[in-house]
Amino acid sequence: MRIGNLKLHGRVLAAPLAGISDQPFRILALKAGAAMVFTEMISSEGVIRGQRKTLAMMVSRPDTKPLAIQLFGANPEVMGTAAAITVRDFRPDMVDINFGCPVRKVVNKNGGAAVLKDLTLTREIIAAVIEGAAPTPVSVKMRTGWEGQSPVYLEVGQIAQEVGAKAITLHARSRADGFSGKADWSAIKRLKEAVDIVVIGNGDVRTPADARRMLDETGCDGVMIGRAAFGDPQVFGRVNHYLETGESIPEPGIAEKIALVTRHAELMVDEYGEQRGVLKMRKILGWYVKGFKGASELRQRLVRVEKLGDIKRIFTAYMKGVG
């Protein structure tokens with residue numbers, strides 16, 4: 001799959017996820033087979049003000065490529081300047097614009113999906129980011145619209161193509177839908193038929209078979225996986241194998257999952273230091289042990305961990321108990 005001057009080796013991308021897609025997660029997703037990873041949403045205002053926390057979210061290791069940095073904001077000038085700083089200082093392979101976030105604290109500032117209520121503003125933001133990011137390719141991630149009754153994704157797709165965006169990711173729900181109900185994959189199909197640039201489908205891809213079905217039913221160029229990767233970054237490898245061969249790889253067993261979550265915890269400690277890294281791991285640990293025998297009791301122990309050694313001791317004891 002080619003997005004502008006960027007060639008990706010694969011059709012399965014890891015979604016940008018607030019609080020999830022930090023550098024440790026990106027390392028694991030790429031190793032598992034994701035064709036591209038994305039940062040968490042980055043505030044354009046934070047970028048131009050040089051806010052330390054914001055800039056830290058954009059730092060990446062040389063081995064975490066291909067990488068897209070996703071920006072959000074409602075001011076075209078600010079977004080354009082932020083894109084220029086992003087490309088100059090962090091050198092991503094792509095810059096992505098967030099028109100999809102439904103979270104209140106983002107849309108209350110007219111960012112994320114709120115931009116879809118004003119197509120003139122939408123055009124101005126895309127154009128400004130493309131100008132600021134040049135020659136780095138720019139993509140747009142969006143919802144179908146602000147409300148289900150007022151879809152604008154076809155108009156936004158055509159605008160994005162006209163001003164020079166190289167790809168569009170459509171999460172096939174409206175902002176009002178949040179993450180509830182069933183994603184409308186027919187919207188992805190209609191968008192693909194309406195534009196000539198790359199279209200990536202997003203929404204309700206939980207299994208390799210789902211990914212195959214989305215590609216077949218919509219004709220989209222690629223698939224983006226989000227929530228299915230919570231506690232299971234190896235899903236990208238299973239999807240790739242299924243798309244290439246039609247064969248299913250068994251999901252990892254308990255020992256393999258424990259080895260992976262331990263590695264995830266080690267990467268978090270490397271990234272944030274032990275105290276902060278282990279604290280951030282607490283919710284992630286719970287995702288990894290979903291489906292384990294005695295998972296509820298195990299989670300109760302894991303949400304209280306304070307050190308990397310605590311995590312390793314709990315899992316060692318667990319393996320002895322179930323072995």
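Residues numbered from 1 in each chain as written. Predicted model: local features only at pLDDT ≥ 70, side-chain atom pairs only at ≥ 80, totals over all residues. Heavy atoms only, no water.

Asker: Quick rundown of the pattern of salt bridges? Include the residues and the values.
Answerer: The tally for this structure, following the rule as stated, stands at 17 salt bridges. Note that Arg88 is salt-bridged to Asp89, the shortest N-O span being 2.7 Å. Owing to a relative accessible area of 41%, Asp89 belongs among the partly exposed residues under this scheme. One salt bridge in this structure joins Asp210 and Arg213, with 3.6 Å as the shortest N-O distance. With Asp210 and Arg213 both in helix 9 (residues 208–218) and three residues apart, this pair spans about one turn of that helix. With relative accessibility at 36%, the residue Arg213 sits in the partly exposed group. (Salt bridge = Lys/Arg side-chain N within 4 Å of Asp/Glu carboxyl O. Buried < 20%, exposed > 50% of the residue type's maximum accessible area, 1.4 Å probe, protein only. Helix = DSSP H or I, 4+ residues; strand = E, 2+ residues; numbered from the N terminus.)

Asker: Quick rundown of the packing of helix 9 against helix 10 (residues 235–245)? Include the residues and the values.
Answerer: Running from amino to carboxyl end, helix 9 crosses helix 10 at an angle of 55°, the nearest separation of the two axes being 8 Å. Considering their axes alone, helix 9 and helix 10 lie oblique with respect to each other. Considering only the axes of helix 9 and helix 10, their crossing is right-handed. Judged by residue contacts, Pro208, Ala209, Ala211, Arg212 and Leu215 of helix 9 engage Arg238, Val239, Tyr242 and Leu243 from helix 10. For the contact of helix 9 with helix 10, the residue count by class is seven nonpolar, no polar and two charged. (Axes fitted to C-alpha atoms, helices over the stretch in contact; angles between N-to-C directions. Parallel < 35°, antiparallel > 145°, perpendicular 65-115°, else oblique. Left-handed = near helix turned anticlockwise from the far one by under 90°. Contact = heavy atoms within 4.5 Å. Nonpolar A, V, L, I, M, F, W, Y, C, P; charged D, E, K, R; others polar.)

Asker: Describe the side chain of Gln70, with residues and values.
Answerer: In this structure, Gln70 sits in strand 5 (residues 67–72). Polar side-chain contacts of Gln70 include one of 2.8 Å to the side chain of Asp96. Beyond its immediate sequence surroundings of up to four residues, Gln70 is in contact with Pro16, Thr39, Glu40, Met41, Ile42, Asp96, Ile97, Asn98 and Lys141. (Polar contact = N/O pair within 3.5 Å; in protein donor to acceptor, adjacent residues only side chain to side chain.)

Asker: For the pairing of strand 9 (residues 198–202), give the residues involved together with the corresponding values.
Answerer: Most of strand 9 is tucked away: five of the five residues are buried. The side-chain alternation of strand 9 yields two buried faces, one formed by Val198, Ile200 and Asn202 and the other by Val199 and Gly201. Of the pairings in the sheet, the one linking strand 8 (residues 167–171) to strand 9 comprises five bridges and is parallel in character. Among the inter-strand pairings, Ala167 is bridged to a residue of strand 9, identified as Val198. Of the pairings in the sheet, the one linking strand 9 to strand 10 (residues 222–225) comprises three bridges and is parallel in character. Looking at the pairing, Gly201 lines up with Val223 of strand 10. Handedness of the strand 9-helix 9-strand 10 crossover: right-handed. (Pairing = 2+ DSSP bridges. Right-handed = clockwise from strand over helix to strand, strands pointing away.)

Asker: Any details on the sheet that holds strand 5? Residues and values, ideally.
Answerer: Pairing is parallel across the open sheet formed by eight strands, whose spatial order is 3-10-9-8-7-6-5-4. Two strands close off the open sheet at either side, each with one partner strand: strand 3 (12–14) and strand 4 (37–43). On average, each strand axis in the sheet is inclined to that of its neighbour by 25°, with strand direction left out of account. By the bridge criterion, four bridges tie strand 5 to strand 6 (residues 94–99) in an arrangement that is parallel.

Asker: Account for helix 1 (residues 23–32), with residues named and values stated.
Answerer: The buried fraction of helix 1 is high, at eight of ten residues. All of the buried residues in helix 1 are Gln23, Pro24, Phe25, Arg26, Ile27, Leu28, Ala29 and Leu30. Along its buried surface, helix 1 packs onto strand 3, strand 4, strand 5, helix 10, helix 11 (254–272) and helix 12 (274–288). Following helix 1 by one or two positions, Gly33 adopts a phi angle in the positive range, close to 130°.

Asker: Pulling in residues and values, what's your account of the side chain of Asn98?
Answerer: For Asn98, the position within the fold is in strand 6. Of the polar contacts made by the side chain of Asn98, one reaches the side chain of Gln70; its length is 2.9 Å.

Asker: Account for the packing of helix 12 against helix 14 (residues 308–322), with residues named and values stated.
Answerer: Running from amino to carboxyl end, helix 12 crosses helix 14 at an angle of 40°, the nearest separation of the two axes being 9 Å. Contacts between helix 12 and helix 14 involve Glu274, Val278 and Leu285 from the former and Leu308, Gly309, Ile311 and Phe315 from the latter. Of the residues belonging to the contact of helix 12 with helix 14, the class tally is five nonpolar, one polar and one charged.

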